[in-house]
Amino acid sequence: MLSSVRISLVMWKNDHMDTPADTTDGLAGPASTASGSAVPDVREYDQDVEQPAAAPPRPVEVYLPPTGYRLDQLVASFLASADFSPNTADAYRGDLRLFLRWCTERALDPLTLGMPEIQVFGKAMQTTPSERTGKVRTERTVARILNAISSFYTYLGNAGAMHYHPAAKAARPKYDRRYSNTRSLTEPQARGMCVLAPTAAPGPWPRLCAQLTMHLMVDLGARVTEICNLDVDDIGYRADSSGAEFRVITLRMKGNKIRVRPIPVPLAPLLDAWLAQRIADPGETALLVDRDGARITRYQVDYLVTTLAAAAGVPDPQQITPHSTRHAFNTIAKARGASLEQRQHALAHASADTTALYDHTNDSLASDPAHLVAAATFTPPASSTSSSPMSNND
């Protein structure tokens with residue numbers, strides 16, 4: 001008995017640029033296979049196949065190039081790596097989106113690029129302003145983007161989608177690893193921002209939430225993402241080795257590290273007052289929520305910090321970021337006797353050199369010999385109306 005069975009046959013297009021962009025996972029770019037030269041186009045045809053009517057149709061086996069996956073599928077698989085924290089995956093997603101858009105605008109197939117194209121892309125990142133900030137990217141930022149692209153090509157090689165690594169030897173911008181452009185805060189500046197938080201916070205912020213957010217960042221040195229990701233259940237109690245009971249907060253840090261930090265005694269009444277007033281959306285587990293009951297975002301925290309810095313009279317407040325409060329924690333803790341090892345553990349730095357960098361940024365300013373030389377050669381400002389002693393040659 002003959003039955004009509006619909007069978008999918010894979011046909012190949014000759015011109016892959018005619019394929020519409022695939023925006024799966026938010027990444028725009030031409031759909032492509034691992035071969036980089038053709039994109040499968042599935043078309044259906046009716047054919048009469050002689051087989052028993054009761055038997056289900058069997059899939060037709062067709063040959064695909066190595067892996068057989070489209071570019072968007074490879075990107076999604078790369079970003080789904082269990083090794084990536086949500087923040088790392090988001091950063092890689094943004095870097096890949098930037099790279100794939102650059103390729104699309106130049107009709108380049110990312111799976112057939114060589115090292116020259118990667119280096120041209122890197123130069124473009126150095127010379128074109130960021131769409132988000134409007135500023136030219138720093139060498140450190142461009143190096144980070146290129147490292148993300150290199151990690152993606154490493155994955156493609158491991159997945160069998162490519163047999164060479166175009167970004168492995170591509171030049172990265174050189175930058176001073178001992179330099180940090182993060183502005184720190186002095187102890188009086190940090191205290192002033194915390195004091196002003198309830199009254200000077202932007203509109204979306206509940207008074208106590210703004211105050212608690214600032215204290216958690218300054219007093220614990222927590223990163224902005226760690227603060228935003230806090231849940232109510234992250235508050236608890238724990239006894240230390242001496243048997244003393246402490247109220248604690250669990251921070252989920254960069255690199256999937258977890259730190260259980262004590263809630264300082266002066267901070268406990270503020271935390272309890274906020275928990276009593278906290279009004280969140282049904283099912284919202286966030287510790288810190290805005291006036292609409294939604295979890296606060298890093299952009300809200302960034303604006304909060306800049307606003308409070310201006311209110312506290314901090315010079316150039318637009319340069320103060322949430323990371324400035326992390327530097328402030330290290331500066332204040334060191335000044336009050338905390339050891340390098342204690343500060344490294346609290347900040348969850350993999351290396352003490354990173355913590356020492358926070359020290360170097362501030363200590364080198366105070367100990368710079370320029371102060372000694374200037375004191376020895378000091379002359380008062382000349383009057384704008386006085387004539388130069390070198391102008392009279394008579």
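Look above for the structure.
Residues numbered from 1 in each chain as written. Predicted model: local features only at pLDDT ≥ 70, side-chain atom pairs only at ≥ 80, totals over all residues. Heavy atoms only, no water.

Asker: Would you take a moment to explain the sheet that holds strand β4 (residues 245-252) for this structure?
Answerer: Backbone-to-backbone hydrogen bonds join strands into a sheet, with any given pair of strands oriented parallel or antiparallel. Spatially, three strands are ordered β3-β4-β5 in an open sheet, and the strand pairing comes out antiparallel. Strand pairing shows two members of the sheet lacking a second neighbour, β3 (235-239) and β5 (258-262), which therefore form its edges. Going from strand to strand, the sheet's axes swing by 45 degrees on average, the running direction of each strand aside. Relative to β5, β4 is paired through five bridges, and the arrangement is antiparallel. Directly across from T250, in β5, lies its bridge partner V260. (Pairing = 2+ DSSP bridges. Helix = DSSP H or I, 4+ residues; strand = E, 2+ residues; numbered from the N terminus. Axes fitted to C-alpha atoms, helices over the stretch in contact; angles between N-to-C directions.)

Asker: For this particular structure, what's the right way to read unusual backbone geometry?
Answerer: Trans peptide bonds make up most of the peptide bonds, and negative phi angles are found at most residues other than glycine. Here A107, not a glycine, exhibits a phi torsion of approximately 55 degrees, which is positive. Among the secondary structure elements, A107 is positioned in the loop between α2 (86-105) and α3 (115-127). The class of A107 is partly exposed, set by a relative accessible area of 48%. Even without glycine at this site, D316 takes up a positive phi of about 50 degrees. When you line up the elements, D316 lands in the loop between α9 (298-311) and α10 (322-335). (Buried < 20%, exposed > 50% of the residue type's maximum accessible area, 1.4 Å probe, protein only.)

Asker: Whenever I open this one, the packing of helix α5 (residues 187-200) against α9 confuses me. Can you help?
Answerer: For any two helices packed against each other, one specifies the inter-axial angle together with the distance between the axes. Interaxial distance between α5 and α9 falls to 9 Å at its minimum, and their mutual angle equals 110 degrees. For the element pair α5 / α9, the angle class is roughly perpendicular. Residues M193, L196, A197 and A200 of α5 lie in contact with α9, whose contacting residues are V305, T307, L308, A309 and A311. The residue inventory of the contact of α5 with α9, partitioned by class, reads eight nonpolar, one polar and no charged. (Parallel < 35°, antiparallel > 145°, perpendicular 65-115°, else oblique. Contact = heavy atoms within 4.5 Å. Nonpolar A, V, L, I, M, F, W, Y, C, P; charged D, E, K, R; others polar.)

Asker: Sorry if this is basic, but what is going on with helix α4 (residues 139-158) here?
Answerer: The α-helix winds at 3.6 residues per turn, so residues separated by three or four positions along the chain end up facing the same way. Counted at 1.5 Å a residue, the expected span for α4 with its 20 residues is 28 Å, and the 29 Å between its end C-alpha atoms agrees. The complete set of buried residues in α4 reads V142, A143, I145, L146, A148, I149, S150, F152, Y153 and L156. Buried residues in α4 make contact with α1 (71-79), α2 and α3. At the C-terminal side of α4, G160 shows a positive phi close to 80 degrees. (Expected span 1.5 Å × (residues − 1).)

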